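# Residue-level structural notes
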Amino acid sequence: MIINTTFHVAPEVECDFKEWILSTYIPYATMDCGLSAPLFMRILADMEGGTGYAVQFKSASVQATEQWLECQQPVKLTKMASMWADKVMYFTTVMEEVAL
């Protein structure tokens, strides 16, 4: 399973946001929560009022995905919201790879 969280980031917090993703969010997910293969990407499409970013992880099981979505990810995203309020918006999508 792939867990993708897409963020819309206001310009005034973009540098701090990128640092937080790299120093806090990704290490938490990979070291403490058992997710793997992180990708941090900038979305190239124009976005009004900011820049889009996506963070993807691989999850080994449905249980690990549910644990992340219901218990672990909300801890970090609540902290993020307390730092930047409406300057960073997000949504998460769970995907399954389709064999070619």
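Residues numbered from 1 in each chain as written. Predicted model: local features only at pLDDT ≥ 70, side-chain atom pairs only at ≥ 80, totals over all residues. Heavy atoms only, no water.

### As for the overall build of the chain
Broken down by element type, the chain carries 2 helices and 4 strands. In terms of overall size, the chain behaves like a compact globule, its C-alpha atoms giving a radius of gyration of 13 Å where 100 residues would be expected to give roughly 13 Å. Counting only C-alpha atoms and orienting by the principal axes, one finds that the chain spans roughly 35 × 30 × 20 Å. Considering the chain as a whole, with its 100 residues, one finds that 38% of them fall into the buried category. (Helix = DSSP H or I, 4+ residues; strand = E, 2+ residues; numbered from the N terminus. Rg over C-alpha atoms; globule rule 2.2 N^0.38 Å. Buried < 20%, exposed > 50% of the residue type's maximum accessible area, 1.4 Å probe, protein only.)

### Section: the environment of Q72
Along the polypeptide, Q72 turns up in helix 2 (residues 62–84). Taking the relative accessible area as the measure of exposure, Q72 reaches 14% and is therefore buried. In sequence terms Q72 and A29 are 43 residues apart; their C-alpha atoms lie 8.2 Å from each other. Filtering out sequence-adjacent residues up to four positions away, Q72 remains in contact with Y28, D32, C33 and Q67. (Contact = heavy atoms within 4.5 Å.)

### A short note on helix 2
Because each turn of an α-helix spans 3.6 residues, side chains separated by three or four positions end up pointing in the same direction. When the terminal C-alpha atoms of helix 2 are compared, their 31 Å separation across 23 residues agrees well with the 33 Å that a helix rising 1.5 Å per residue should span. When the local axis directions of helix 2 are compared, the greatest deviation, roughly 45 degrees, occurs at Q73, which is followed within four positions by the proline P74. On its buried face, helix 2 sits against strand 1 (2–9), helix 1 (14–32), strand 3 (50–58) and strand 4 (88–95). (Expected span 1.5 Å × (residues − 1). Bend = angle between axes of the 7 residues up to and from the residue.)

### Comments concerning the pattern of salt bridges
Here the structure, examined in full by the defined rule, presents 1 salt bridge. Of the charged contacts, one joins E12 and K87 as a salt bridge, the two residues approaching to 2.9 Å between their closest N and O atoms. In this pair, E12 is assigned in the loop between strand 1 and helix 1 and K87 in the loop between helix 2 and strand 4, connecting sequence segments 75 residues apart. Exposure remark for K87: the relative accessible area of 32% places this residue in the partly exposed category. (Salt bridge = Lys/Arg side-chain N within 4 Å of Asp/Glu carboxyl O.)

### Concerning the sheet that holds strand 1
What the 4 strands build is an open sheet, ordered 2-3-1-4; its pairing is antiparallel. The sheet terminates laterally at strand 2 (36–47) and strand 4, the two strands that pair on one side only. For this sheet, the mean inter-axis angle between neighbouring strands, taken without regard to orientation, is 20 degrees. Inspection of the sheet shows strand 2 paired to strand 3 by 7 bridges, in the antiparallel sense. Counterpart to I43 in the pairing with strand 3 is G52. Sheet strands touched by helix 1: strand 1, strand 2, strand 3 and strand 4. Its angle to strand 3, the strand with the most contacts, is close to 10 degrees. Strand contacts of helix 2: strand 1, strand 3 and strand 4, with the helix running at about 170 degrees to strand 4, the strand carrying the most contacts. (Pairing = 2+ DSSP bridges. Axes fitted to C-alpha atoms, helices over the stretch in contact; angles between N-to-C directions.)

### Quick word on unusual backbone geometry
Both trends apply: most residues other than glycine have a negative phi, and most peptide bonds are in trans. Although it is not a glycine, A37 adopts a positive phi angle of roughly 50 degrees. Examined against the element boundaries, A37 turns out to sit in strand 2. If you check the backbone angles, A85 has positive phi at about 45 degrees while not being a glycine. Considering the arrangement of structural elements, one finds A85 in the loop between helix 2 and strand 4.

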